[in-house]
Amino acid sequence: MNGDFIIQNAPALLLAVPMLAAFATPLIGRLGSLARNIWVIAAMTLTSAIGLLLAYDVFTAGTVLYTFGALDPASALPLDSGGIPVRIIFTVDAMSAFMVIIAAISGFAVMLYMMASEAKGSGKDGFYALFLLLIVGILGMVCTGDIFNFFVFLEINSLAGAALVAYRVDKGVAVEAGLKYAVISTIGGLFVLFAIALLYGQYGALNMAVIASSMQYTGLDKIALVLFLSALAMKSGAVPMHFWTPDAYSMAPGSITALLVVASQASLYGVFRVVFTLYNVALDYAAVGWIIIILGVLSMFVGVTMALVQKDVKRLMAYHAVSQTGYMLLGVGVGLAVLGQQTAFDTFGFVAMEGGIFHILNHAMYKGLLFLTAGAIFYRTGTRSLNKLGGLGHSMKWTMIFFIIGALAIAGIPPFNGFASKLLIYESVFLFNPVLSIIAMVVSILTLASFVKVFHAIFMGPKQPQYSDVQEAPLPMLVGMAILAVITIAFGIAPGLVVDSIVAPAATALADQGGYIASVLGGL
Amino acid sequence: MYYNLPFIIAAVIAVIGIGAMLFRRNLIKVIMGLSLVEAAVNLFLVALGYRMDAIAPIFTNAPGTSMVLPTVQAMTLTNIVIGIATTALLLSFTMIIYKKYGSANTDTVRKLRG
Amino acid sequence: MSMSKIVRAAADIIFVFILTFGFYIVAHGHLTPGGGFQGGAVIATGFVLLIAAYGSRALLDRFGKEWFRSSEALGLLVFIGTAFVALFLGATFFANWLANGGLIFGEAVAFGPNPGDLNTGGVIPIMNIAVGIEVLGALSLIVLYMLSGTEEGA
């Protein structure tokens, strides 16, 4: 296997490697747990490496096309098809590559963490196979350029996610959370499929570029848009469809919760992809933009107020996840609302989109980190209740440091990455509408207050007798957390570099519908 | 009207399914409602591809007349397969819940709240 | 948990036909309506019939859950392996590398109305067979697991 082979087939290998690994895990598991662990580590490392390689390729050489089943990956339009792409085509543009980076980093860190945190559990063959399938679902959703294919990966994502949430039955409570998640996801999936059917009935195509190029914005298209938005917003955990989030996030194993954050963001990516790429020029920018802004503001506010009263540390963090999703929706929504007005878009709209998109990356890093620290605390103490925990700062120093990093980042304190993206959002949204910006800042302060309380409850105070034999988390878990912590700090110290090299291209790719269409259908 | 009949029936089935999901207390019936919605979407998809007096889209038997649309049938088939996986997963969740809680009623399955 | 002798004898006979019919649907998936999933589901109903007639214990004595689990994993691996081979032959993932090659399943499709030839389709029949093997294992496993949940080990 030489380098050219991997680069040329990167979009396919990105899915094929974890899928093959997932299917073979039960067989490898019969050789013993060491062989299986090495197998899973190798598969995930390879997947992450391919993902980063693919992203590098996209950011240097432009959109990568991969036509499944063709003789040549770039031949999106077979000669005898009359200019219509008939095959499933992966269209990895800068925005997709951006999401692939997130999934690659988070997946790798979670995999290391999982090796230690799940070591005591039973049924690990199935657990690791589902973990790899969840990775497949996320990567497939963000890479594909075909809406039906998007639906299939959405379902893989949902089923693997729901099964993982319920995997540790935990007296049935985890299964209850998994059931809720599965029902919500399935309804969402059916909505998406119905919307796809409406689009297919009108335009006779499933390729996003083809649909986008012929979009008429008829009444049926509006219904399809509403279905897409409600289903994907539900899956990404935005208010008012957020009620599954705290249950699923709090009951899933700590490692999986960190990945569920990324899975929700893949749905968020779906929202942005549908709005910006499928519809874009046909839309009434202000109306749809304001809908997304209002969803965002509601999510921010409801999420943080619900978080303040929680007693379960993971439930609390889950409500903060809802709240942070609001920032992403707000930033990108402002960008959408002014997309039609060139001067406004150039002065602040584009920056708002950059902020929203940058926040996706930052959120995956620090929220993943926070969930991993919560998982580590649960792993050592066996409880998530803030009332019972206390004094852990004496025995779990590294976990405490990682928690501080994550908490300061989520609250938007410099020099951590949360500050960098929130600053972009504050500045640009202030020019759009000062009230929204002030709400965002207030939510940030409440977030800080909430995490100060959590920090105090878990780590401060005298050493408690029942936790006297609590030790530091095992090394693989610490390494997994350290990866995310280092990225959290690094992106906070050098945000300009990150924004210029990956965030700005992603925002440009998202806003530029014509470029997306041209990359698949050729110059129009 | 005649052409729209499948679409109307699909809408009716979907409404019945959503109604069952919202107003039934038994988890099994909620899952049945979900399956009904799925069936409605499948019917809608297949009806999209229907053409009057067309034959099944089998290449080797093509006598040159028009065929019904095969893509939507492939999509339906995919959705059926996904639906089986989902239903099996949901039913096994319900089974575990019934074992642990002693009931499959949505009123009792509420240990998670707040 | 086994039923009367008449049911068991009838199930023994019908099982063979169900199996044959299932494999027919799997093997002809590229020519007629049907395919791996449908055929696999038919075969799985054969196993369900055996469970109904003899009880899950008797079936597990003969096959065992590992048997079904292996068939599931094997089917999936053959499926994705077939797609992988295309990569090493220089084409893209899932490319039909057997079509029109003259080897197994490699005959070119005759043009015009004809009843269809089993020896066509390239990798599609192979993938159908792989899916059939996978589905018969997976669906039987689902039934077995659900039974073991309800019978409390009966």
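Residues numbered from 1 in each chain as written. Chains lettered and ligands numbered in written order. Predicted model: local features only at pLDDT ≥ 70, side-chain atom pairs only at ≥ 80, totals over all residues.

### Details of the overall build of chain B
Each helix and strand in chain B was counted, giving 3 helices and 0 strands. Reading chain B from its N end, one meets helices and strands in the order α-α-α. Across its three principal axes, chain B shows a C-alpha extent of roughly 60 × 30 × 20 Å. Expressed as a percentage of its 114 residues, the buried residues of chain B come to 26%. Long-range pairs, those at least 24 residues apart, make up 52% of the contacts in chain B between residues at least 6 apart in sequence. (Helix = DSSP H or I, 4+ residues; strand = E, 2+ residues; numbered from the N terminus. Buried ≥ 20, exposed ≤ 12 C-beta atoms within 10 Å, placed from the backbone. Contact = placed C-beta atoms within 7 Å.)

### Some thoughts on the interface of chain B and chain A
Think of interface size as the accessible area that goes away when the parts come together; that is how it is often given. Every contact between the two is made by 26 residues of chain B and, on the other side, 27 residues of chain A. Residue assignment for the side of chain B that touches chain A shows that the elements contributing at least two residues are helix H2 (27–48) and helix H3 (70–101) of chain B. No other element matches the 15 residues that H3 of chain B contributes to the side of chain B that touches chain A. When the residues that make up the side of chain B that touches chain A are grouped by side-chain class, the tally is 18 nonpolar, 5 polar and 3 charged. (Nonpolar A, V, L, I, M, F, W, Y, C, P; charged D, E, K, R; others polar.)

### Some words on the pairing of strand S1 (residues 64–67) of chain A
Residue and element names in this part refer to chain A. Alternating positions in S1 separate into two faces, Val-64 and Tyr-66 on one and Leu-65 and Thr-67 on the other, with burial throughout. With 4 bridges connecting them, S1 and strand S2 (residues 89–92) associate as antiparallel partners. For Val-64, the partnering residue across the bridge sits in S2 and is Val-92. (Pairing = 2+ DSSP bridges.)

### A word on the environment of Val-17 of chain A
Residue and element names in this part refer to chain A. Structurally, the position occupied by Val-17 is in helix H2 (residues 10–28). Among the residues examined, Val-17 registers 25 C-beta atoms within 10 Å and is labelled buried. With 409 residues separating them in the primary sequence, Val-17 and Tyr-426 have C-alpha atoms 41 Å apart.

### Structural notes on unusual backbone geometry
All names here are of chain A. A cis amide bond, omega 10 degrees, links Val-239 with the succeeding residue Pro-240. One can find Pro-240 in the loop between helix H9 (219–236) and helix H10 (244–251). Cis geometry is found at the peptide bond from Pro-414 to Pro-415, where omega equals 5 degrees. For Pro-415, the location among the structural elements is in the loop between helix H15 (397–410) and helix H16 (417–432). At Tyr-217, a position not held by glycine, the phi torsion is positive, near 60 degrees.

### Section: the UniProt feature "domain: NADH:quinone oxidoreductase/Mrp antiporter transmembrane" (unreviewed entry) in chain A
The feature "domain: NADH:quinone oxidoreductase/Mrp antiporter transmembrane" (unreviewed entry), as annotated in UniProt, sits at residues 145–446 of chain A in this numbering. Within residues 145–446 of chain A, the helical portion is 80% and the strand portion 0%, while the C-alpha atoms at the span's ends are 39 Å from each other. (UniProt positions renumbered as here; feature names shortened; annotations may be inferred.)

### Concerning the confidence of the model for chain B
All names here are of chain B. Within chain B, residue pLDDT values average 86, and 92% of them lie at 70 or more. Averaged over each element, pLDDT in chain B is lowest for H3 (90) and highest for H2 (93). Both confidence scores are given for the complex: pTM 0.93, ipTM 0.93. (pLDDT = per-residue confidence, 0-100.)

### Re H15 of chain A
Owing to its 3.6 residues per turn, the α-helix aligns residues three or four sequence positions apart on the same side. Residue and element names in this part refer to chain A. In this model, H15 (14 residues) spans 20 Å end to end at C-alpha, consistent with the 20 Å of a helix rising 1.5 Å per residue. Within H15, 10 of the 14 residues are buried, leaving the element largely enclosed by the surrounding structure. All buried positions along H15 are accounted for by Thr-399, Met-400, Phe-402, Phe-403, Ile-405, Gly-406, Ala-407, Leu-408, Ala-409 and Ile-410. For H15, the elements touching its buried residues are helix H13 (313–337), helix H14 (342–381), H16, helix H17 (434–459) and helix H18 (475–493). (Expected span 1.5 Å × (residues − 1).)

### Comments concerning the environment of Leu-259 of chain A
Residues and elements named next belong to chain A. By the secondary structure assignment, Leu-259 is in helix H11 (residues 254–279). Residue classification places Leu-259 among the buried positions, given that 29 C-beta atoms sit within 10 Å. Through-space distance from the C-alpha of Leu-259 to that of Val-110 is 7.1 Å; in sequence the pair is 149 residues apart. Among all residues touching Leu-259, those that are not within four sequence positions of it are Ser-106, Gly-107, Val-110 and Leu-134.

### What about the UniProt feature "transmembrane region" (unreviewed entry) in chain B?
Annotation from UniProt places "transmembrane region" (unreviewed entry) at residues 6–23, 30–52 and 72–98 of chain B. Between the first and last C-alpha atoms of residues 72–98 of chain B the distance is 38 Å; the span itself is 100% helix and 0% strand.

### Description of the packing of helix H7 (residues 173–203) of chain A against H9 of chain A
Residues and elements named next belong to chain A. Their axes nearest at 8 Å, the elements H7 and H9 cross at an angle of 155 degrees. Here H7 is positioned roughly antiparallel relative to H9, judged by the angle of their axes. In the crossing of H7 with H9, the sense of the turn from one axis to the other is left-handed. Within the contact between the two elements, H7 uses Ile-184, Ser-185, Gly-188, Phe-191, Val-192, Phe-194, Ala-195, Leu-198, Leu-199 and Gln-202 and H9 uses Leu-220, Ile-223, Ala-224, Leu-227, Phe-228, Ser-230, Ala-231, Met-234 and Lys-235. Among the residues forming the contact of H7 with H9, the class breakdown is 14 nonpolar, 4 polar and 1 charged. (Axes fitted to C-alpha atoms, helices over the stretch in contact; angles between N-to-C directions. Parallel < 35°, antiparallel > 145°, perpendicular 65-115°, else oblique. Left-handed = near helix turned anticlockwise from the far one by under 90°.)

### Concerning the nonpolar core
Across soluble globular proteins, you tend to see nonpolar side chains buried next to one another. Of all hydrophobic cores here, the largest spans 295 residues; its most connected members are Val-100, Val-165 and Leu-330 of chain A. When residues of this core are assigned to their parent elements, the largest contribution, 21 residues, is made by H7 of chain A. (Core = buried A, V, L, I, M, F, W, Y, C linked by C-beta atoms within 7 Å.)

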